[in-house]
Structures are given as C-alpha cells and as structure tokens.
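# Notes for the structure review
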Amino acid sequence: MRTVETLQFDHSFARLPGAFYTRLFPTPLPTPYLVHFNEDAAGLIDLHPKEAARPEFIDYFSGNRLLPGSEPLAMLYSGHQFGVYVPQLGDGRAILLGEVRNQAGERWEMQLKGAGRTPYSRDGDGRAVLRSTIREYLCGEAMQGLGIPTTRALSIVGSDQKIFRETVETAAVLLRLAPSHVRFGSFQIFYYRRQHELLRTLADYVIAHHFPALAEKKEKHALFLMEVVLRTARLMAEWQAVGFAHGVMNTDNMSILGLTFDYGPFGFVEAYDPGFICNHSDHIGRYAFNRQPQIGLWNLSALAQSLTPLISKEAATEALDQYEPVFNAHYTTLMARKLGLKEFRNEDVPLLLDLLRLLQSNKIDYTHFFRALGNFKQAPGERNSDLRARFIDIAAFDAWAERYRSRLLADTLPDAERKRAMDRINPKYILRNYLAQIAIRKATEERDYTEIGRLLHLLRRPFDEQPEMARYAEPPPDWAKEIQVSCSS
Ligand code: AMP
Ligand code: MG
C-alpha cells in the first residue's frame, strides 16, 4: 500500500510529442474540502485508504498542490458533437496528472476533472459543479457493480467557489481513473488536420500500451480498429440490456478502450420506453435510448474513416461489418439470461419483442419487471399474481406468460435454479435519477455526504437483496418527474 507521495508514476502519454497535449498546472481551488473518497477505487492504484484522512490529501486531489511525480497536461482531441464535426475540442477542464502503475502491473491514468481552464476551454470556465461530479462518481461505481466496463472515480473535493450554470452552483473536482482517456476524437483531429504521422504515432502508442497482443502483428492498425469495434459493440449491448442511456454519445465521449466514459446527463430507463431521452437538451433525440446501438456504429465509422491513412478501406469495412453481428449476439445472450433461458434461439425474438412492447404499453419499470420475473412459477395453473398485478392489460400478460411458460419447460430448469441465475443478471438496484438527486440535494444544501456513501455501498452489490435497503429499489416518487438533466455540468 502506498502513500500519496509514493505512488509509482509513469508518464507514457507525456512522452509522446507535444502535439498531443498542452502541459499546464491545475488552477487552485478556493476553500477545498473533502466530499467523498472511494476506498475501492483507491485499491486500484494501491493507495492506502487512510491517506484520505491526511490534510494534504485535499490539496493534492483538488489540484492545489502538485502530486509528487505527476506531469500534468491537457489532452488534445476533436470530435463529432451531435453529428457535427468540431475541429478542436480537447480537455477544457480536465488535467491528466499521469499514470500510476500498481503492484499487479496495471496502469491507471489519474485525471482531475474540473481543475480549471486550459487552452481548450473555449467559452467554458474550466470547472465542474458538485452536482455533476456526484453523478459521475456514483454512476462509475454503479456500472462497475453491474459488471459493465467503465471509468472509475477516486475522490470528490468540493469548494465554495460559485459556478454559473442554469442556476448558481458550487465547484468540485473529481479524480477520475481509467487505463486511458484516449477517445475516438483523439484520432479524428489528426485525420482532419491531415497530420498522418501523428495519427500513426497515436495508434502505435495505444496499441503498444493497451492492445499489446497486436503490437507485433503485420495488420496491427486494422486489428486495432476491429478490437475497438468488438468492444464498443459489446458495450452497447450491455447498455441496452441493463437500460442505460448515456445521453451524449459524441465521438469525443467514446473511449478507445470500450469503457463507459464521460458521465453527463445519463439515465436508466424506468417505465419502459424505447425512445427514452435522458438529456433534456437533446431535442431531436439523437441519443435516445433505442438509437444507441446505431450511434455506436456511426461513431465507429467516424473512427474508421480517421484511420484510413493507416488501413485500407476494405479492412475498415471488414471491421465495421463485425459490429452488428457482435452486438446482436451479445445482446441476445444477455436478454436470454435476463429471461432465465439457457440460450437465445431465433424463435425467442418474438417472445422478447412482445414482452418489451407489453412493458412499454403498460408503462412497467424495466428493472423491476426483470427482477420480479425471477419469481415466475412455471407449473401449469400458477397465476404468477405478483407479475400479473403490474399490468393494466392482464389478458395480454396472461397470453405472453403462457408462451414464456412453454419456452421455460423446454429448458427444464427448476424454478429455484432459474431464479438464482436470473438474480445474478437482473439487478435489484440501479442508480435511479431520484436516488442521485437525493444525495445531491443533501450534499449541496446540507453538506451532508453520507447519502453518497450509502449509495456507493448499495450499488456495488446491485444483484444482492440487501433487504434493509429495499426502499432504494422503489419506483421514483412523483417529484422525480421534475428532474431535468442536461449537458450543463
Ligand atoms: P462534455 O460535453 O462534458 O463531454 O464536453 C465537451 C467539451 O467541452 C470538452 O472539450 C470539454 O472539455 C469542454 N467543456 C465542458 N465543460 C466545460 C467547462 N465548464 N469549461 C471548459 N470546458 C468545458
Ligand atoms: Mg467529454
């Protein structure tokens, strides 16, 4: 276990040519105080959990004092925002401190988010508001608990500094951890600027550090694209199966490692609605829940296009052609598990689609339904009253339940065994917006951060019953309808 001063820094990204970043220091954060510290994430960099109690911790993790051994920089990238290419973005408020190598040999980049203005800030103030850092902090751990690839967060340091968004809020700095913060947009910028040597340097760097198995292969750039396609397809399937909507799938928010990245106005589907738009400012629904799989492919096509100076058009097409079959195979595998089926068969497509239609027309909570489906009794004559009672159109449910029952009989799994398996894939707890909102309200109005800790603890084990926490599985209260989340974070 290490102290803040003895972290083993390495700086592979900072060793790249200066064209990839700007070196600069974080802007001091006035009146910093610790909001929360994530002991689990500290374990990723071998940081001793007691370190958070030291007064210096706040200075280091607010950006007020430079972490010994760090080499801070802001990364350069561009990207398609809502379908429109923006020639230069870059870390406008994030500062990469460097990479830490842990005892297991893994590298974790440490990035301060909300650490002040950079040359890429455009009109932004370089800060993040406490509200949005809490949301990112909680959702990273929630996704980790669900087994979905994600960036993590180590700490939040708050401040009394006033920040102007739609209303006046206060600033906070999040310490984010990821093996790499390279995005699709990190490649796009050098393609559009026709700086193909830099493009190659970046691709070779990412391959050497994050896809080492490809490093010696002749077609390594094409294989790299293929790997990003596969990871992204699988990630999209995971999001769709669990009901996660990202909200801002711009290419600068797409991780080259296939991680859930840059949590903004995300949301989990509650009353099932395939057209769910979690981002209040996404008026046309470009990033609606049911469009995510096709947007994933659109974004990959933008990445593939940017790699064409390094790979043939045929190789790019071949990689992109893998997307749909991989997405479909992974999504149907996950949905079969959610339904308690041993495997997904072609004839299960109508069973699944009819169920989703029923959930939509009956406005049934997606997470609740699948969790409750684990209690389905397949014996003839069983009415499954608990499930039945959730539907307005009971006859339609009964008809579906009969089809489901006969499908289950073909699998010959006893009810109890099926339930055990289903409870490992159908979470009882998700980060509902209203739960995050309660934690945010307590933090911003009362400086009470206990709810953040309670949610972290709960969401790390989303599949466990945790009966004492059952109220956290309740449907959103009426006031939750008023919550609006947008890009302004
Ligand atoms: P996002 O929508 O948070 O992924 O951000 C898109 C771009 O805007 C990135 O280049 C960010 O660094 C930049 N950005 C977002 N918020 C701010 C801010 N408050 N100050 C400076 N830059 C920002
Ligand atoms: Mg972003």
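Computed from a prediction, not measured in an experiment: that's the story for all the values here.

With that settled, consider the overall build of the chain. Scanning the chain from N- to C-terminus turns up 16 helices and 13 strands. Over its C-alpha trace the chain gives a radius of gyration of 23 Å, about what one expects of a compact globule, namely 23 Å for 489 residues. Dimensions along the principal axes, computed over C-alpha positions, put the chain at roughly 70 × 60 × 45 Å. Within the span of the chain, comprising 489 residues, buried residues form 59% of the whole. Relative to all contacts within the chain whose residues are 6 or more apart in sequence, the contacts with residues 24 or more apart total 74%. Total accessible area computed for the chain in this model is approximately 19700 Å², and 53% of it derives from carbon and sulfur atoms.

Protein coordination at the magnesium ion (ligand 2): the donors are Asn 253 (OD1) and Asp 262 (OD), at 1.9 to 2.1 Å from the metal. A residue is classified by how much of its surface remains accessible, and Asn 253, at 10% relative accessible area, is buried.

What follows is about the site of ligand 1. Taken together, 17 residues lie around ligand 1, and Gly 90, Gly 92, Arg 122, Gly 126 and Asn 253 are the ones closest in. Note that a nitrogen atom of ligand 1 is positioned 2.9 Å from one of the side-chain N or O atoms of Asp 125. A distance of 3.3 Å separates a nitrogen atom of ligand 1 from a polar atom in the side chain of Arg 165. Here ligand 1 loses 83% of its free accessible area of 480 Å² to cover by the protein chains. Class assignment of the residues belonging to the shell around ligand 1 gives a composition of two nonpolar, seven polar and eight charged. The residues that make up the shell around ligand 1 include at least three from each of domain 1 (4-181) and domain 2 (185-333).

Next up on the list: the domain arrangement of the chain. The domain boundaries assigned to the chain delineate domain 1 (4-181), domain 2 (185-333), domain 3 (339-423) and domain 4 (433-482). Just the C-alpha atoms count here: the centres of domain 1 and domain 3 sit 43 Å apart.

Moving on: the pairing of strand β8 (residues 107-113). Looking down a regular strand, the side chains alternate between one sheet face and the other. When you tally the buried positions in β8, you get six out of seven residues, the bulk of the element. In this sheet, β8 lies alongside strand β7 (residues 94-101) in antiparallel orientation, the contact comprising seven bridges. Across the sheet, the residue bridging to Val 100 is Trp 108, located in β8. Hairpin connection from β7 to β8: five residues lie between these consecutive antiparallel strands, with Gly 105 at a positive phi of about 90°. One ladder, built from five bridges, connects β8 with strand β11 (residues 168-178); its direction is antiparallel. When the bridges of β11 are listed, Gln 111 appears paired with Arg 176.

Bringing the packing of helix α3 (residues 130-146) against helix α16 (residues 450-459) into the picture now. Two numbers describe how α3 lies on α16: the axes approach to 8 Å, and their chain directions differ by 20°. When the axis of α3 is compared with that of α16, the two are roughly parallel. Crossing geometry of α3 relative to α16 is assigned as right-handed. Residue-level inspection shows Ile 134, Tyr 137, Leu 138, Glu 141, Ala 142 and Gly 145 of α3 in contact with α16, the latter providing Ile 452, Leu 455, Leu 456 and Leu 459. Here the contact of α3 with α16 is composed, by residue class, of eight nonpolar, one polar and one charged.

What follows concerns the nonpolar core. The biggest cluster of nonpolar side chains holds 165 residues, and the ones touching the most others in it are Phe 13, Phe 61, Met 110 and Phe 187. For this core, the leading source of residues is helix α6 (residues 220-242), giving 13 residues. If sequence neighbours within four positions are ignored, Phe 187 has contacts with Val 182, Leu 199, Leu 202, Ala 203, Val 206, Phe 224, Ile 256, Leu 303, Ser 306 and Leu 307.

A few words on the pairing of β11. The buried fraction of β11 is high, at nine of 11 residues. Bridge count between strand β9 (residues 128-129) and β11: two bridges; the pairing is antiparallel. Note on β11: the bridge partner recorded for Ala 128 is Ala 172. Examined bridge by bridge, strand β10 (residues 152-164) and β11 share nine bridges and lie antiparallel to one another. Note on β11: the bridge partner recorded for Arg 152 is Leu 177. In this structure, the hairpin formed by β10 and β11 is closed by a connection of three residues.

Evaluated as defined, the whole model comprises 44 salt bridges. The partner of Arg 176 in a salt bridge is Asp 262, and the shortest N-O contact between them spans 2.7 Å. Of this pair, Arg 176 sits in strand β11 while Asp 262 is found in the loop between β12 (244-245) and β13 (267-268), placing the two residues 86 residues apart along the sequence. Judged by its relative accessible area of 1%, Arg 176 falls in the buried class. The buried category is assigned to Asp 262, whose relative accessible area is 15%. A salt bridge links Glu 465 to Arg 371; its shortest N-O distance comes to 2.9 Å. Here the residue Glu 465 occupies a position in the segment after α16, and Arg 371 occupies one in helix α11 (residues 366-373), the gap between them amounting to 94 residues. The exposure class assigned to Glu 465 is partly exposed, which follows from its relative accessible area of 39%.

Conventions used here
- Residues numbered from 1 in each chain as written.
- Chains lettered and ligands numbered in written order.
- Predicted model: local features only at pLDDT ≥ 70, side-chain atom pairs only at ≥ 80, totals over all residues.
- Heavy atoms only, no water.
- Helix = DSSP H or I, 4+ residues; strand = E, 2+ residues; numbered from the N terminus.
- Rg over C-alpha atoms; globule rule 2.2 N^0.38 Å.
- Buried < 20%, exposed > 50% of the residue type's maximum accessible area, 1.4 Å probe, protein only.
- Contact = heavy atoms within 4.5 Å.
- Areas by Shrake-Rupley, 256 points an atom, 1.4 Å probe, with all protein chains shown as cover.
- Donors = N, O, S within 2.8 Å, 3.2 Å for Na, K, Ca; no water.
- Near = heavy atom within 4 Å.
- Polar contact = N/O pair within 3.5 Å; in protein donor to acceptor, adjacent residues only side chain to side chain.
- Nonpolar A, V, L, I, M, F, W, Y, C, P; charged D, E, K, R; others polar.
- Domains from an automatic or database assignment.
- Pairing = 2+ DSSP bridges.
- Axes fitted to C-alpha atoms, helices over the stretch in contact; angles between N-to-C directions.
- Parallel < 35°, antiparallel > 145°, perpendicular 65-115°, else oblique.
- Left-handed = near helix turned anticlockwise from the far one by under 90°.
- Core = buried A, V, L, I, M, F, W, Y, C linked by side-chain atoms within 4.5 Å.
- Salt bridge = Lys/Arg side-chain N within 4 Å of Asp/Glu carboxyl O.

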